[in-house]
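# Survey of secondary and tertiary structure
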Amino acid sequence: MEILQTPENALSHSSVSAIINAPIEKVNIADWLLNLPDAEYQRCSTQHIGAAISVTFDGKPVSLNVETIGDALMVQHYVANVHRPDYCRMLSISYSITKNGRTKVQVLWELKATKIDENTCLYTNEIHATATPEMFEYMKDHGINLADAAASRQAASDAHNHEETPNFAKSIENKALTGQYNQPF
């Protein structure tokens, strides 16, 4: 069940946009994301370690991502709650692994394409990280307060998002125009 983000549990919110030089009619974020090869995911950020696609027991698509955000190794199981050509809403209860141990964080990842004109769109990559009950226990056990955890996560998430978003946009553009991954950025 999704945890609604509030000031009492918010860890981060990052939204970064980049231009896709392709008509909105050719852009299909759901197809791009839910068929994304591991190597294409890895080349979109120096922090990306691996990706794969799976399904839930009831058939919902899942994007499995392994990456680092700051000093945390993140193992994410994004369930595609909405997956359309112009918008994907992906929700994960993710493992966060640091030198202090392992905990869980909820991550909401939204990928959006909005038409600018006949030949371009705006791609927006938006990420919300929310503390879970397990994370609150972890922070208590390690003497970490929410404000410090949130400040650290916000800085790391923003830096990560600023690196990956332009590359995601270029990869989506390449897929829209050529039907292929592994094209020059």
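Calculation rules
Residues numbered from 1 in each chain as written. Predicted model: local features only at pLDDT ≥ 70, side-chain atom pairs only at ≥ 80, totals over all residues. Heavy atoms only, no water. 1 Å grid on protein atoms, 1.4 Å probe; cavity = no way out; pocket = protein on both sides within 12 Å on 5 of 7 lines; lining within 4 Å. Points joined across faces, edges and corners; volume = space filled by probe spheres on them. Helix = DSSP H or I, 4+ residues; strand = E, 2+ residues; numbered from the N terminus. Nonpolar A, V, L, I, M, F, W, Y, C, P; charged D, E, K, R; others polar. Phe/Tyr/Trp six-rings, centres within 6.5 Å; stacked < 30°, edge-to-face > 60°. Buried < 20%, exposed > 50% of the residue type's maximum accessible area, 1.4 Å probe, protein only. Expected span 1.5 Å × (residues − 1). Bend = angle between axes of the 7 residues up to and from the residue. Polar contact = N/O pair within 3.5 Å; in protein donor to acceptor, adjacent residues only side chain to side chain.

## Regarding the layout of surface pockets
- In this structure, the largest pocket encloses a volume near 400 Å³.
- Around the largest pocket, the lining is made up of 21 residues, and of these Asp-71, Ser-96, Thr-98, Ala-149 and Ser-152 lie nearest the centre.
- Looking at the lining of the largest pocket, the element that brings in the most residues is helix α4 (residues 146-178), giving five residues.
- Classifying every residue of the lining of the largest pocket gives eleven nonpolar, six polar and four charged.

## Here we look at the packing of aromatic side chains
- Applying the stated criterion across every chain yields a total of three aromatic pairs.
- Between the aromatic rings of Trp-32 and Phe-168, the centroid separation amounts to 5.3 Å while the plane-to-plane angle is 70 degrees, which identifies the pairing as edge-to-face. Here Trp-32 is found in helix α1 (residues 29-33), whereas its partner Phe-168 is found in helix α4, with 136 residues between them in sequence. Here Trp-32 matches Phe-168 in class, with each residue buried.
- Aromatic pair Trp-109 and Phe-168: ring centres 6.1 Å apart, planes at 35 degrees, arrangement tilted. A residue pair is termed long-range when its members are at least 10 positions apart, and Trp-109 in strand β6 (residues 101-115) and Phe-168 in helix α4 qualify at 59 residues. Both residues of the pair, Trp-109 and Phe-168, belong to the buried class.

## Observations regarding unusual backbone geometry
- Phi at Asn-182 takes a positive value of approximately 60 degrees, unusual for a residue other than glycine.
- On the secondary structure map, Asn-182 appears in the segment after α4.
- Classification of Asn-182 as exposed rests on a relative accessible area of 59%.

## Some remarks on α4
- In this model α4 runs 45 Å from its N-terminal to its C-terminal C-alpha over 33 residues, within 8% of the 48 Å that 1.5 Å per residue would give.
- The largest bend in α4 is about 25 degrees, located at Glu-164, with the proline Pro-166 one to four residues further on.
- Where α4 starts, the residue carrying a side-chain oxygen 3.1 Å from the main-chain nitrogen of Ala-147 turns out to be Asn-145.
- Once α4 ends, the next one or two residues include Gly-179, with phi positive near 75 degrees.

No statement about biological role is implied by the geometric values presented.
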